[in-house]
Structures are given as C-alpha cells and as structure tokens.
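# Tertiary structure, described
What follows is the residue order along each chain.
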Amino acid sequence: MPLRFTFRQLEYLVAVGDEGTIAMAAQRLNVSSPSISTAINQLEGHFGIQLFVRRHAQGLSLTPGGRRVYNEAKRILGDAAALNDLANDIIDLPRGPISIGALSTIAPVVSARFRRSFEDAFPDAQVSLHMGDQVELFRMLGRAEIDVAITYDMQLPVDIDFHPLISLAPKVMLPIDHPMAEQSDVSLKALEPEPMVLLDLPLSRDYFLSTFQMANTQPNIAERATDLALVRSLVAHGYGYSLVNIGTDHTLSPDGIELAFKPVREPVKPLMLGLATMRADQRSAIVTAFFDHVAGMDVTP
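Computed from a prediction, not measured in an experiment: that's the story for all the values here.

It is worth spelling out helix α5 (residues 107-121) at this point. If you check α5, its first and last C-alpha atoms are 20 Å apart, about what 15 residues at 1.5 Å a residue would give, namely 21 Å. Restricting attention to buried positions, one finds in α5 the residues Ala107, Val110, Ser111, Phe114, Phe118 and Glu119. Considered in projection along α5, the buried side chains sweep an arc of 145° and stay on one side of the axis. Summarising the geometry of α5, the exposed residues directed more than 90 degrees from the buried face are Pro108, Arg116 and Asp120. Structurally, α5 contributes buried residues whose contacts are with β3 (96-103), β4 (125-132), β5 (148-152) and α9 (285-295).

In structure tokens, the structure reads:
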C-alpha cells in the first residue's frame, strides 16, 4: 500500500487520541478544528477503518483498531523526533564518527599525527583514515565516503571548499654526494641536463612540470614513480634528482641513505596544504572541531 498520509496527519490523530476532542486537540496544536477533522477523515479513508467513535457532547474515543493505529502513530512520531535529535546532535556536538582522507604523498607524514592529536582532544571522536591521489579524494568527498580531505590546492572543483593551513615551496631532493648538495639553493636551469625522478601522480605531476615551465627550463625525466618513498630511494641511490614539497626535515631514504634538500633558486609557485570539504551551508560539529583543532596545530609536514 503506497504511503498517502503525512506526519502532520499522524500528529493530529495522536492529539485527538490524547485530548478526546477535536477542539482541545486544535487548541493544543494551534490549528483550526476543521483542519483536524479533515485530517482524521482522510486517514480513515486511507486506512479503510474507523479510527474514532464520535459521541455527541462526549467527544471522540478510539475504536480498537484506532487504538492500534494511534499507538503505532505515536511510535512513528517518536522515531521521527529521535531522528531529528540525532541530526541536531551531529550538528551541535563534536563526537561520533569522522572519516578523513589524505593525499597519498602526505598521508604517512601527517594523517596519523592529526588523528592522535584530535582523538586526544576529543575522546568521543571516532576517526577513520583513508588515502588516495587528488582525483580519488575528490571522488570520495563527492560520494560522502570521507568528510574532509588533507590535500593541496590543486585544480579544486567548484563544489569543494578549501581551508589553507600552510604554504609549501618545492625543494630539490638530491643524493647527499651530489655536487650541488653543498649549495644553499639549486637552480632548475642548472639541473636541465641531469636525470630527474618524477613523482608521477595525477595533478602532482602537472604541478612539478609547471614549476620547470615557470623557470623557463625543461626536466630530463629519466625515472617515474607513483610512490614518494620509491622516489626518495631512487634519488638516494643516484638515479637522479627530484622535486618534493613535504618530508624535507626527514633526510633519510626508506633504506637509510642520507638525502639533501635544497630550495629552488628561481621564483616558483608554492603549494598550499589545507583541508577540503564538499561545499555546504553548515558543517557538522565533529568536522568543525577537526578544522579548528588542526588550525591550532603545528602542521608542518
């Protein structure tokens, strides 16, 4: 049977069942008596049963079938109120689940640290972590698989809100015994003939290549890798240099070999690390709390 009744009609039914008269129910709900009479008649027509016995000058009393409908209507209205309370709870209270995505290149550096700090500050938070490239993070946000993404301000879709945290300029990553490793900074033009190990991820790849364009030079790409740890290892073992934005305070490759990180001499555009969410009129309390908490942290990756 298709649903042809409304919560408002059920509310009128319960009010009449509680009060015993249409006039008192109308006064309680601050609506007109004819509106309630119409609603009761419509419900009786829809269900095909008589809900009330109408006694002149004695008001209305529920029939046995009407009593069963009244009880179920009261339960449905209670569940609806609980659902509304749950929505308000999600908006107002910083507790419950929050799903956080992080760009694969920065997830190992910041995501666990952010999670531990946030859960320590909000013990009722239930944090889950996810990882992906920029395209995957935007897809997860669009499908509501994550609430917030830790990522860069690269090619942000129009339906994404981005909250910047820290600006990160690219640095040249070199083997520790490279002749330029002793310099205070390194020119991309000077690196033109040298082999490069490119972090070959969507958008990240485009950003690093655009950095060379800004410096009016072209890289000599010898190796490509989609994993930052592998890029660091390839550079450490002499397969070329690379450009990175994060992890420059950690000077060892995954297999323990020293690396050098040097600023780029030419003026280049930095990346902004921040938090991305789907554009919405209002964030939940748990997401707002995460934004506020991370904004107060030292977020240097």
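The structure having been displayed, the exposition proceeds.
Our focus in this paragraph is the side chain of His293. Structurally, His293 can be placed in helix α9. Discounting chain neighbours no more than four positions away, the residues touching His293 are Ser117, Phe118, Ala121 and Phe122.

All right, on to the sheet that holds strand β7 (residues 171-175) then. Ordered by their spatial adjacency, 3 strands build an open sheet running β10-β7-β11, and the pairing between neighbours is antiparallel. Edge positions in the open sheet fall to β10 (242-244) and β11 (259-263), since each of these has one partner strand only. When the angles between neighbouring strand axes are averaged without regard to direction, this sheet yields 35°. In the packing of helix α8 (residues 228-236) onto the sheet, the strands contacted are β7, β10 and β11, and the crossing angle to β7 comes to about 50°.

This next bit is on the sheet that holds β3. In space, the 5 strands of this open sheet follow the order β4-β3-β5-β12-β6, with mixed pairing throughout. Strands with a single pairing partner mark the edges of an open sheet, and in this sheet they are β4 and β6 (160-168). Direction aside, neighbouring strands of the sheet carry axes that sit 20° apart on average. Sheet analysis places β5 next to strand β12 (residues 271-278), joined by 4 bridges and oriented antiparallel.

Conventions adopted
- Residues numbered from 1 in each chain as written.
- Predicted model: local features only at pLDDT ≥ 70, side-chain atom pairs only at ≥ 80, totals over all residues.
- Heavy atoms only, no water.
- Helix = DSSP H or I, 4+ residues; strand = E, 2+ residues; numbered from the N terminus.
- Expected span 1.5 Å × (residues − 1).
- Buried < 20%, exposed > 50% of the residue type's maximum accessible area, 1.4 Å probe, protein only.
- Arc of directions from axis to C-beta.
- Contact = heavy atoms within 4.5 Å.
- Pairing = 2+ DSSP bridges.
- Axes fitted to C-alpha atoms, helices over the stretch in contact; angles between N-to-C directions.

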